[in-house]
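Remarks on the overall topology
The primary structure of each chain is shown beneath.
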Amino acid sequence: MRIKEAAMLELIPMTLAQANDFVAQHHRHHGRVQGHKFSIGCMSGGQLAGVVIAGRPVGRYLDDGFTLEVTRLCTLGGRNVCSFLSVSYTHLTLPTNRE
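Conventions we followed
- Residues numbered from 1 in each chain as written.
- Predicted model: local features only at pLDDT ≥ 70, side-chain atom pairs only at ≥ 80, totals over all residues.
- Heavy atoms only, no water.
- Salt bridge = Lys/Arg side-chain N within 4 Å of Asp/Glu carboxyl O.
- Helix = DSSP H or I, 4+ residues; strand = E, 2+ residues; numbered from the N terminus.
- Buried < 20%, exposed > 50% of the residue type's maximum accessible area, 1.4 Å probe, protein only.
- Core = buried A, V, L, I, M, F, W, Y, C linked by side-chain atoms within 4.5 Å.
- Contact = heavy atoms within 4.5 Å.
- pLDDT = per-residue confidence, 0-100.

1. Describing the pattern of salt bridges
- Here the structure, examined in full by the defined rule, presents two salt bridges.
- In this structure, Asp21 and Arg32 form a salt bridge, with 2.7 Å as the shortest nitrogen-oxygen distance. Remark: Arg32 occurs in the loop between α1 (16-26) and β2 (38-44) and Asp21 occurs in helix α1; sequence separation between them is eleven residues.
- For Asp21, a relative accessible area of 41% gives the class partly exposed.
- With a closest N to O distance of 2.4 Å, Asp63 and Arg56 form a salt bridge.

2. Let's talk about the nonpolar core
- Of all hydrophobic cores here, the largest spans ten residues; its members are Met14, Leu16, Ala19, Phe22, Val23, Val33, Val51, Ile53, Cys74 and Leu76.
- Where this core is concerned, the elements lending two or more residues are α1 and β3 (47-55).
- Examining the composition of this core, we find that four residues originate from one element, α1, more than from any other.
- Residue contacts for Val23: discarding those within four places in its chain leaves His30, Gly31, Val51, Ile53, Arg72 and Cys74.

3. Let's talk about the side chain of Arg72
- Counting through the fold element by element, Arg72 comes out in strand β4 (residues 69-75).
- Among residues more than four places away in sequence, those in contact with Arg72 are Val23, His30, Gly31, Arg32, Val33, Val51, Val52 and Ile53.

4. Side note on unusual backbone geometry
- A positive phi angle is found at Asn80, which is not glycine, with a value near 70°.
- Within the element layout of this structure, Asn80 appears in the loop between β4 and α2 (81-90).
- Look at Asn80 and you get partly exposed, because its relative accessible area is 47%.

5. Thoughts on the confidence of the model for the chain
- When pLDDT is averaged along the chain, the result is 82, and 81% of the positions lie at 70 or above.
- Summarising per-element confidence for the chain, the mean pLDDT is lowest in α2 (79) and highest in α1 (94).

Structure, rendered in structure tokens:
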């Protein structure tokens, strides 16, 4: 199923269960993940067009408290959906303690 090409893309928060359901239904070879830090969905034309699930890194040397690993990125193939989701999690702002 294709998404309309000219539709405006919008980010929405998602639970892990919602994101996992989308991945299970639409990803060709990956299944559900066990845990996550956050999941984000992308709406296009009123339809869920893709999801990204981010969690702690698998490699223990990368698990420094600042690094996230994208464990799933799944879309319906709509134009710019993958890029839109990729940019959304690379521009996160972390609160800092200014003493």
